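Close look at the chain arrangement
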Amino acid sequence: MDILRVLASPDLEVRRKTLEVALDLVSSRNVEEMVLILKKEVQKTNNVVEQEDNDKYRQLLVRTLHSCSVKFPDICTTVIPMLTEFLGDIQSEMAAVDVLLFLREAVQRFPKLQSIAIVHLLETIPSIKTSTILRGSLWILGEYCKTKEDIQSAMHEIRQSLGPLPLVEDELSKQNGEEAVKDEQLTQKFQKLVTADGTYATQSALTSQYKGKKDESEKRAPLRKLLMNGDFFLGAAVASILTKLALRYSENAANQSRRNAFTAEAMFVIVSIIHLGKSGLPKRPMTDDDLDRMQLCLKVLSEKAPALIHVFEEDCRRSLAALLAVKQKEEKEIEVCLRF
């Protein structure tokens, strides 16, 4: 793996070619050494003052680690914890998207990796701020959380990312509270001063200790903040994810009351999102397509028709398996073409 020393070059194209050559030369004997070197390169990109090509270089490293993991699945247990750290980095969204693609492929192709991927995703969810990354991470949790403990943990993270419910009532109470605080904190202070000739003078200062609504949007939980910005496509995705979690929990939990409670909680969250979308509080209104999707999820949870349950629990995963199979076939065809 001496060729990886060339990665010290600042030129992005040189680095790209080096990684391509190294990927062709890697074998089971030296893959761990290569992963160790790439891990150090990833850590270096975190310490570099953001440059034009730094994010692109991170993306190249992630893709290379992805390819190594697909060829040698045994190294995934080392790679997954390292790469999930990118998901919460808002400056590396391109690399984070590639990490999601890697995780999605890894948990689908290698079921033994599902538990470790879920653990690290659950740890990372609170730090994710971008819609695309949050949606993809929650999708993986909704699709591959199978035990009661994992399902409950996923529900907990979604609730934490939304904040107090119902959403509309909580937002209105905060707005009313801000106005009251603003009125109370706008005060006029007086101070007596002694002048040079011994007489008294009064100095007044109008001060406002109100911190304003600017900071309020920053205090919102990540998922709620995105919904308040009008991202109800994410809201529809969350509804679908909650539906999958509730259906799977109903299969695993023996206690009927607990099954009903979990389903009711999922429906409560979905209804809160719908109410928020219709309230006029978000910056952009909810679309009819997003509303239809969320209403379908409510129908599935209330009726639990076998045909609809089959779509949510089986067909989605089969579609992913078919997609990955086509991708794998194309990659093999390209590899054969390059040899000739």
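Below or above, wherever it landed, is the structure these notes cover. (Residues numbered from 1 in each chain as written. Predicted model: local features only at pLDDT ≥ 70, side-chain atom pairs only at ≥ 80, totals over all residues. Heavy atoms only, no water.)

1. Some points on the packing of aromatic side chains
In this structure the tally under the stated criterion is two aromatic pairs. Ring geometry for Tyr249 versus Phe262: centroids 4.4 Å apart, planes at 15°, classification stacked. With Tyr249 in helix α12 (residues 232-252) and Phe262 in helix α13 (residues 256-279), the pair connects residues that are 13 residues apart, well separated along the chain. Like Phe262, Tyr249 is buried. The ring of Tyr57 has Arg15 lying over it, and the distance from NZ or CZ to the ring centre is 3.9 Å. (Phe/Tyr/Trp six-rings, centres within 6.5 Å; stacked < 30°, edge-to-face > 60°. Helix = DSSP H or I, 4+ residues; strand = E, 2+ residues; numbered from the N terminus. Buried < 20%, exposed > 50% of the residue type's maximum accessible area, 1.4 Å probe, protein only. Lys NZ or Arg CZ within 6 Å of the ring centre and 35° of its normal.)

2. Quick notes on the packing of helix α8 (residues 148-162) against α13
Running from N to C, α8 and α13 point in directions that differ by 25°, and their axes come no closer than 12 Å. By the criterion of interaxial angle, the relationship of α8 to α13 is roughly parallel. The interaxial crossing formed by α8 with α13 has left-handed handedness. Residues Ile151, Gln152, Met155, Arg159 and Leu162 of α8 lie in contact with α13, whose contacting residues are Phe262, Glu265, Ala266 and Val269. (Axes fitted to C-alpha atoms, helices over the stretch in contact; angles between N-to-C directions. Parallel < 35°, antiparallel > 145°, perpendicular 65-115°, else oblique. Left-handed = near helix turned anticlockwise from the far one by under 90°. Contact = heavy atoms within 4.5 Å.)

3. Here's the deal with the pattern of salt bridges
One pass over the structure, following the stated rule, counts ten salt bridges. Arg63 is the salt-bridge partner of Asp98, the closest N and O atoms lying 3.0 Å from each other. Pair noted here: Asp98 is in helix α5 (residues 93-109) and Arg63 is in helix α3 (residues 54-71), with a separation of 35 residues, a long-range link. Assessed through its relative accessible area of 45%, Arg63 is described here as partly exposed. Glu143 is paired through a salt bridge with Lys244; the nearest N and O atoms lie 2.6 Å apart. Here the residue Glu143 occupies a position in helix α7 (residues 131-144), and Lys244 occupies one in helix α12, the gap between them amounting to 101 residues. Side by side, Glu143 and Lys244 carry an identical accessibility label, which is buried. When salt bridges that share partners are traced, they join Asp170, Glu171, Lys174, Arg220 and Arg224 into one network. (Salt bridge = Lys/Arg side-chain N within 4 Å of Asp/Glu carboxyl O.)

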